[in-house]
Amino acid sequence: LDEGFVLAVIYAESGGRRNAVSPAGAVGLMQLMHPTACMVARQLRIPEPSKYDLMDPDLNVRLGAKYLGDMREAFGGNLFLALAAYNAGPAAVRGWIEENPGLAPEEVVSRAAYPETRSYVKKVMKRWAQSRG
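The structure contained in this document is the topic of the report that follows. (Residues numbered from 1 in each chain as written. Predicted model: local features only at pLDDT ≥ 70, side-chain atom pairs only at ≥ 80, totals over all residues. Heavy atoms only, no water.)

We now examine the layout of surface pockets. Estimates place the volume of the largest pocket at around 360 Å³. Looking at the largest pocket, it is lined by 17 residues, and the ones nearest its centre are Glu-13, Ala-26, Gln-31, Tyr-86 and Asn-87. Elements with a contribution of two residues or more to the lining of the largest pocket: α1 (3-14) and α4 (79-88). Residues of the lining of the largest pocket, tallied by class, amount to eleven nonpolar, five polar and one charged. (1 Å grid on protein atoms, 1.4 Å probe; cavity = no way out; pocket = protein on both sides within 12 Å on 5 of 7 lines; lining within 4 Å. Points joined across faces, edges and corners; volume = space filled by probe spheres on them. Helix = DSSP H or I, 4+ residues; strand = E, 2+ residues; numbered from the N terminus. Nonpolar A, V, L, I, M, F, W, Y, C, P; charged D, E, K, R; others polar.)

Structure (structure tokens):
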């Protein structure tokens, strides 16, 4: 993944606060849910992290970037859908695609996604575009 893209996600997720914890329990720079972090750690064949471990920036970004890359791959390389899946979950995004056949991925996100997810995707994409000049 492009480093600027990952940094844009970090900005949107935690504002760069390594110890950020959301009301839903997402932790660290990339706001990982513990079960997701454990799943990714198993894929990488590294020890499953504790919630406290997820506050380590290096580990958090390693796991978060891997998961974000997995979402990009799962949705055919489309960054709009990958971001929506990172935020709302891949099952939700698959449902939106099924409910809106024929729509371009950007339209699926702008029409079907949760309001928070629509805002999140716009925020990340805007920040990423700014970082690229």
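Structure shown, so let's carry the discussion forward.
Counted under the stated rule, the structure contains three salt bridges. Here Lys-66 ties to Asp-70 by a salt bridge, and the two come within 2.7 Å at their closest N and O atoms. Of this pair, Lys-66 and Asp-70 both sit in helix α3 (residues 57-74), separated by four residues, roughly a single helical turn. Overall, the relative accessible area of 18% leaves Asp-70 in the buried class. (Salt bridge = Lys/Arg side-chain N within 4 Å of Asp/Glu carboxyl O. Buried < 20%, exposed > 50% of the residue type's maximum accessible area, 1.4 Å probe, protein only.)

As a further point, take the packing of α1 against α4. Look at α1 against α4: their axes get within 13 Å of each other, and the N-to-C directions meet at 35°. Of the two elements, α1 crosses α4, and the hand of that crossing is right-handed. Where α1 abuts α4, its residues Phe-5, Val-9 and Glu-13 lie against Leu-79, Leu-83 and Tyr-86. By residue class, the composition of the contact of α1 with α4 is five nonpolar, no polar and one charged. (Axes fitted to C-alpha atoms, helices over the stretch in contact; angles between N-to-C directions. Left-handed = near helix turned anticlockwise from the far one by under 90°. Contact = heavy atoms within 4.5 Å.)

Summed over the entire model, instances satisfying the criterion amount to three aromatic pairs. Each ring, one from Phe-5 and one from Trp-128, has its centre 5.0 Å from the other, and the planes form 70°; the classification is edge-to-face. Placement of Phe-5 in helix α1 and of Trp-128 in helix α7 (residues 115-131) is noted, with a sequence separation of 123 residues between them. Residue classification places Trp-128 among the buried positions, given a relative accessible area of 12%. (Phe/Tyr/Trp six-rings, centres within 6.5 Å; stacked < 30°, edge-to-face > 60°.)

Don't take any of this as a statement about function, it's just geometry.
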